[in-house]
Amino acid sequence: MRNARARPYVLAWIALLVLLGLSAGSSLLALGTFNLVSNFAIAALKAALVVIVFMHIRRSERTVHVAAAAGIVWLALLIALSLSDFLARGS
Amino acid sequence: MTHDTALAAPNTDPFSDPRQRRDASDLGMWLFLTTETLFFGVLFAGYVIMRARFPHAFAAAGRHTDFALGTANTALLLTSSLCMALAVATAEVNRRRATLIWLGATAALGIAFLAIKGFEYHAEYVEHLVPALDFRFDARDFRGAEIFFWLYFVMTGVHALHLTAGVAVVVLMAARLARSGFGKQTPLSIELAGLYWHFVDIVWIFVYPCLYLIARS
């Protein structure tokens, strides 16, 4: 029988929905800055699950890992440098 | 002899084996997604700076987005990614019926997401929250709130366009598979469509806390 392995995908999906529940639930509590931190930490965790389990990045060639890392690094630079300019003006 | 046949039917296929073809296509799709990361990245960078500039107005404006519908839509999109992953997995082992069902479910969930988004847009239009279309907001936070809603409509709008393209690709794949069955390249095409679909899902994973989870407590 030609079988496809569904188990890891279903487990990742359950984890994603639990994380969604956590971020939606925690945002209803007054946690100050921790609301912001937890919201984006959870988003990063969800994205990592999608990239690793659904997009099977570990099956890909090393060049793909470089391409994906480059996207993240350039995005981080874009945000960090723009923000540092903004914050340095002190307005 | 081999020389003659090569002249008669020149081999235009640049790949020496299927594995090489798969790796090259995989890299091509990931490079495209990297450029897409920066395309959306500009919007996220703008969001971060404007939120730092107008923290109070962003909190006030953020309370006007629909928390319940935004959360439900996130769940829909995460589920659509599961369906897409299962379509890719069943296509790999040439299970036509299962692949068609999962592709259909993926497209249906994508369309449901867009329908809910349209409903939200309508509600925001009625509440005068669309910039440039008689936008109304508390005078103290007007400027910042207007910027928040510009970002809201551009981010969700561009995301919705990407999702629409994704739905079109998935429907096309399903139609081709239903009509002519599995070709040599079909599983690879579905895998690449899957990478794009999951990427659009990831964009939403970050849009959701930016626009729906501000100042809910």
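Residues numbered from 1 in each chain as written. Chains lettered and ligands numbered in written order. Predicted model: local features only at pLDDT ≥ 70, side-chain atom pairs only at ≥ 80, totals over all residues. Heavy atoms only, no water.

> Please give an account of a nonpolar patch on the surface that cites residues and values.
Nonpolar side chains collect at one region of the surface, where A:Val10, A:Leu11, A:Ile14, A:Val18 and A:Leu22 lie side by side and expose about 420 Å² of accessible area between them. Note on placement: A:Leu22 falls in helix H1 (residues 7–26). (Patch = residues over 30% accessible without salt bridge, like charges linked within 9 Å, V, L, I, M, F, W, Y side chains within 5 Å. Areas by Shrake-Rupley, 256 points an atom, 1.4 Å probe, with all protein chains shown as cover. Salt bridge = Lys/Arg side-chain N within 4 Å of Asp/Glu carboxyl O. Helix = DSSP H or I, 4+ residues; strand = E, 2+ residues; numbered from the N terminus.)

> Any details on the layout of surface pockets? Residues and values, ideally.
Approximately 920 Å³ is the volume attributed to the largest pocket. In terms of lining residues, the largest pocket is bounded by 31 residues, among which A:Ile72, A:Leu75, B:Thr37, B:Ile202 and B:Phe206 are the most central. Among the elements of the structure, helix H2 (33–54) and helix H3 (62–89) of chain A together with helix H2 (18–53) and helix H7 (186–212) of chain B are those that each provide at least two residues to the lining of the largest pocket. Here the element with the most residues in the lining of the largest pocket is H2(B); it accounts for eleven residues. Looking at side-chain class alone, the lining of the largest pocket contains 26 nonpolar, four polar and one charged residues. When residues of the lining of the largest pocket are assigned to domains, at least three map to each of domain 1 (1–59) and domain 2 (61–91) of chain A. Counted as a void, the second largest pocket has a volume near 320 Å³. Lining of the second largest pocket is provided by 15 residues; of these, B:Pro18, B:Arg21, B:Lys184, B:Gln185 and B:Leu188 occupy positions nearest its centre. (1 Å grid on protein atoms, 1.4 Å probe; cavity = no way out; pocket = protein on both sides within 12 Å on 5 of 7 lines; lining within 4 Å. Points joined across faces, edges and corners; volume = space filled by probe spheres on them. Nonpolar A, V, L, I, M, F, W, Y, C, P; charged D, E, K, R; others polar. Domains from an automatic or database assignment.)

> How would you sum up the interface of chain B and chain A? Please name residues and give values.
Counting from both sides, the interface comprises 48 residues of chain B and, opposite them, 46 residues of chain A. Approximately 4100 Å² of surface area, both sides summed, lies buried where chain B meets chain A, with 77% of it carried by carbon and sulfur atoms. The tally of links from chain B across to chain A stands at one salt bridge. Here B:Glu92 ties to A:Arg59 by a salt bridge, and the two come within 3.0 Å at their closest N and O atoms. For the pair chain B and chain A, the interface holds four residue pairs in polar contact (both at pLDDT 80 or more). Going through the elements one at a time, H2, helix H4 (67–92) and H7 of chain B are the ones with two or more residues in the side of chain B that touches chain A. Ranked by residues supplied to the side of chain B that touches chain A, first place goes to H2(B) with 19 residues. For the side of chain B that touches chain A, the class distribution of residues is 27 nonpolar, eleven polar and ten charged. (Contact = heavy atoms within 4.5 Å. Buried area = accessible area lost by both parts, 1.4 Å probe. Polar contact = N/O pair within 3.5 Å; in protein donor to acceptor, adjacent residues only side chain to side chain.)

> Break down the packing of aromatic side chains for me, citing the residues and quoting the values.
Residue and element names in this part refer to chain B. Enumeration according to the criterion identifies 19 aromatic pairs over all chains in this entry. Ring geometry for phenylalanine 135 versus phenylalanine 149: centroids 6.1 Å apart, planes at 55°, classification tilted. In this pair, phenylalanine 135 sits in the loop between helix H5 (96–126) and helix H6 (142–180) while phenylalanine 149 sits in helix H6, placing the two residues 14 residues apart along the sequence. Residue classification places phenylalanine 149 among the buried positions, given a relative accessible area of 0%. For the pair tryptophan 204 and tyrosine 212, a centre-to-centre distance of 5.9 Å together with 50° between the ring planes defines the contact as tilted. Tryptophan 204 gets classed as buried once you look at its relative accessible area, which sits at 0%. In this structure, arginine 53 is placed above the aromatic ring of phenylalanine 54, and the distance from its NZ or CZ to the ring centre is 4.9 Å. (Phe/Tyr/Trp six-rings, centres within 6.5 Å; stacked < 30°, edge-to-face > 60°. Buried < 20%, exposed > 50% of the residue type's maximum accessible area, 1.4 Å probe, protein only. Lys NZ or Arg CZ within 6 Å of the ring centre and 35° of its normal.)

> Describe the nonpolar core, listing the residues and the values that go with them.
A:Phe54, B:Tyr47, B:Phe148 and B:Leu211 are the most contacted members of the largest nonpolar core, which has 78 residues in total. Per-element tally for this core: the top contributor is H7(B), with 18 residues. Contacts of A:Phe54, omitting those with residues within four sequence positions, involve A:Tyr9, A:Ala12, A:Trp13, A:Leu16, A:Leu49, B:Ser81, B:Leu82, B:Ala85 and B:His198. (Core = buried A, V, L, I, M, F, W, Y, C linked by side-chain atoms within 4.5 Å.)

> With reference to specific residues and values, describe the packing of H2(B) against H7(B).
Residues and elements named next belong to chain B. At a minimum axis distance of 10 Å, the contact between H2 and H7 shows a crossing angle of 15°. With respect to each other, H2 and H7 are oriented roughly parallel. Taken as a pair, H2 and H7 cross one another with a handedness that is right-handed. A per-class count over the contact of H2 with H7 returns 17 nonpolar, two polar and five charged. (Axes fitted to C-alpha atoms, helices over the stretch in contact; angles between N-to-C directions. Parallel < 35°, antiparallel > 145°, perpendicular 65-115°, else oblique. Left-handed = near helix turned anticlockwise from the far one by under 90°.)

Everything listed here is a matter of coordinates, which is why it stays silent on function.
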